[in-house]
Each structure stands twice: as C-alpha cells, then as structure tokens.
Amino acid sequence: MLSRTPEDVVAHAAAAPGLTVLDADIADCFACPRLVTWREEVAATKRAAFRDQTYWGRPLPGFGPAGAEIAILGLAPAAHGGNRTGRIFTGDRSGDVLFAALHRAGLANQPTSVSADDGLTLTHTRIFAAVRCAPPDNKPLPAERDTCAPWLHREVTLIRPTLRVVVALGAFAWAAWWPVLRHVYGLSAPVPRPVFTHGAHVRIPGGPDLLGSYHVSQQNTFTGRLTPAMLDDVFSRAKRSAGLA
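The structure displayed is predicted, hence computed values, not measured ones.

1. Comments concerning the environment of proline 136
Point 1. Mapped onto the fold, proline 136 is located in the loop between strand 2 (125-129) and helix 6 (142-159).
Point 2. Classification of proline 136 by relative accessible area gives buried; the value is 15%.
Point 3. Remark: the alpha-carbon pair of proline 136 and threonine 45, spanning 91 residues in sequence, is separated by 14 Å.
Point 4. Apart from the residues within four sequence positions on either side, proline 136 is in contact with Arg34, Leu35 and Trp38.

Right, dumping it as structure tokens:
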C-alpha cells in the first residue's frame, strides 16, 4: 500500500499480516519528502561506475528468514549500495565486510553480496535498518527516523516469536532500539540507559539481548577501528545468546 504521510505509515505497518506484505508496503513509502527527493535524485544521476545500471531508488525492506533468532539493525541504506541494488548492505564496501563476517559465522551461504539476484541467503538472521531510505550524507533527521519507526516496530513484532538477540551496528541503531523495546515488548530501557560501545551486551528479561558493534562503514574498517576479528567475536556472542552455539 502506498504511504504518503506519517499517518499512512502507522496504519499500513500495523495492518501488515506478515513480512511479505510488510516488505512490499515499505518499498511503496513516500512519507519523507527530503528522503524521497534524495533517493530518486541519486537513482537518476548515478555514480559513473554504475551509469549502465538501473537503480532501485526506493525504500529497502528487511532481508532474511521470518524465523530469525538474530536481528542485525543498521542505520540506513547507502546511496550507491542498497539504494542501487534494492537489498540492504548490498553492492558497497560495508556489505562486503558484513557478509564476509556472516559467512565466517555460518550465518550466510556466501561471503559476498553484490546484487539482489546473486543467490545470497541468510540462516537464522534477518537484517533491517532504522531508516529505510538512503539519506543525504548518511544522516537521517530525527523526524525521518520517527516517521520510519512503525516499519521497524512491525518487523520486530513479526519476528518476535523467534528473536533472541539484536546486533546494533553503531550508536544510531543502538539508540533506535530502545523505542522498539518499549513499543513491541512493553519494556523500559534500564536506568541509566546503557551507553553504546563496541562489544556492549545488555540482557533485559522478557526481551532479546542487545549487542553493540561499531558500524561496518569504511571509516571504521579502513582505519582498523573495526577489524574482522572484532566482528567475528560479536557474531560468535550473538550465536551463543541465540542458542545457536
């Protein structure tokens, strides 16, 4: 269903009976004018290396099985990554790092993610973003985050029966999780609220564990702030928390 206002997003997200409908509704969202303008401008102008490709240029649904025990929560799609390919963390350097780590952890069938039809599948894991459209400068506005939140809330609600642990990639995703905890689980964040750090692990009775990881952005991976070994440790811990190891 086409969403053009925040009120549409609330109504359509709540009405989605399953992930298939939710994914389709997310892809038809036009509720944030600034993000719509940017994603479509990027899709029209393109990067020179991709000038012969047709960009997706729409919001990105989640990716992974409905019965996932592990969720990976990111910030937003990359302008020339997911916004181009139509799949989250696909076709950019961040995705190269993430899916290589998931493959080493036994959670992905291959270490690369280059296009939506490349045969990649995930096991026990679903990936989604707090904001579903690529934002200018990778910085969504608070109002855009809040408008997009019902999609996230509904997605977590639909996988709640199996979800055991959430890996938050970066401080933005970490902060975005606390309203989900309240809206979906009816639970409040601990007081004081846990601060984001790489490797942080929060256990909340009645909800999934929360693990923090530095984002897989180039500014972290190229500088050595986030190494493959550090990411491997996060996913090893996630598997243990999910009862998969």
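2. What to know about empty space enclosed by the protein
Point 1. Taken as a whole and assessed by the stated rule, the structure comprises one cavity of 30 Å³ or more.
Point 2. Size it by volume and the largest cavity reaches roughly 110 Å³.
Point 3. Elements represented by at least two residues in the lining of the largest cavity include exactly helix 3 (33-45) and helix 6.
Point 4. The biggest single contributor to the lining of the largest cavity is helix 6, with four residues.
Point 5. Of the residues contributing to the lining of the largest cavity, the split by class is 13 nonpolar, one polar and three charged.

3. Overview of the layout of surface pockets
Point 1. Size it by volume and the largest pocket reaches roughly 850 Å³.
Point 2. Ser94, Asn138, His215, Ser217 and Gln218 are the residues nearest the centre of the largest pocket, which is lined by 31 residues in total.
Point 3. For the lining of the largest pocket, the secondary structure elements donating two or more residues are helix 5 (93-104), helix 7 (171-185) and helix 8 (218-221).
Point 4. Split by residue class, the lining of the largest pocket holds 14 nonpolar, eleven polar and six charged.
Point 5. Contributing to the lining of the second largest pocket are Ala130, Arg145, Asp146, Ala149, Leu152, His153, Phe172, Ala175, Ala176, Pro179 and Val180.

4. Notes on the pairing of strand 1 (residues 70-74)
Point 1. Extensive coverage of strand 1 is indicated by the burial of five of its five residues.
Point 2. Here strand 1 shows two buried faces, one formed by Ile70, Ile72 and Gly74 and the other by Ala71 and Leu73.
Point 3. Note: strand 1 against strand 2, five bridges, orientation parallel. The partner of leucine 73 across the bridge, within strand 2, is phenylalanine 128.
Point 4. With four bridges connecting them, strand 1 and strand 3 (residues 165-169) associate as parallel partners. Looking across to strand 3, one finds that alanine 71 is bridged to valine 166.

5. Thoughts on the environment of arginine 34
Point 1. By secondary structure assignment, the location of arginine 34 is in helix 3.
Point 2. Put simply, arginine 34 and glutamate 144 are 110 residues apart on the chain and 8.8 Å apart in space, counted from C-alpha to C-alpha.
Point 3. Leave out the neighbours within four places in its chain, and arginine 34 touches Pro136, Lys139, Pro140, Leu141 and Glu144.
Point 4. Within the structure, the side chain of arginine 34 is placed 3.1 Å from the backbone oxygen of lysine 139, a separation counted as a polar contact.
Point 5. A polar contact of 2.8 Å, which involves the side chain of arginine 34, links it to the side chain of glutamate 144.

6. A word on the sheet that holds strand 1
Point 1. Spatially, five strands are ordered 2-1-3-5-4 in an open sheet, and the strand pairing comes out mixed. The sheet terminates laterally at strand 2 and strand 4 (201-202), the two strands that pair on one side only.
Point 2. Relative to strand 2, helix 6 is tilted by about 170 degrees, and along the sheet it contacts strand 1 and strand 2.

Procedures and definitions
Position numbers for residues start from 1 in each chain and track the written sequence from start to end. Thresholds applied to this predicted model are a pLDDT of at least 70 for local features of residues and 80 or more for the giving and counting of side-chain atom pairs; totals over whole chains, interfaces and linings are not thresholded and use all residues. Side-chain calculation: all heavy atoms of the structure are included, whereas hydrogens and water are not. The helix and strand labels rest on DSSP assignments: H or I over at least four residues marks a helix, E over at least two residues marks a strand, and numbering proceeds from the N terminus. A simple rule labels every residue: compare its accessible area, found with a 1.4 Å probe on the protein chains alone, to the largest value its type can have, and call it buried under 20%, exposed over 50%, or partly exposed in between. What makes two residues a contact is simply this: any of their non-hydrogen atoms within 4.5 Å. Using only the protein atoms, space was sampled on a 1 Å grid; points where a 1.4 Å probe fits but cannot get out form cavities, open sets with protein on both sides within 12 Å along at least five of seven lines form pockets, and lining residues are those with an atom within 4 Å of a point. Grid points are joined across faces, edges and corners, and a volume is the space filled by probe spheres set on the points. Gly is placed with the polar residues, together with every amino acid not listed as nonpolar (Ala, Val, Leu, Ile, Met, Phe, Trp, Tyr, Cys and Pro) or charged (Asp, Glu, Lys and Arg). Between any two strands, pairing holds if DSSP finds at least two bridges. Here a polar contact is taken to be a pair of N or O atoms separated by no more than 3.5 Å, where protein atoms must pair a possible hydrogen donor with a possible acceptor and residues adjacent in sequence count only if both atoms sit in side chains. Angles shown run from 0 to 180 degrees and are taken between the N-to-C directions of axes, each axis being a line fitted to C-alpha atoms and, for helices, limited to the stretch in contact.

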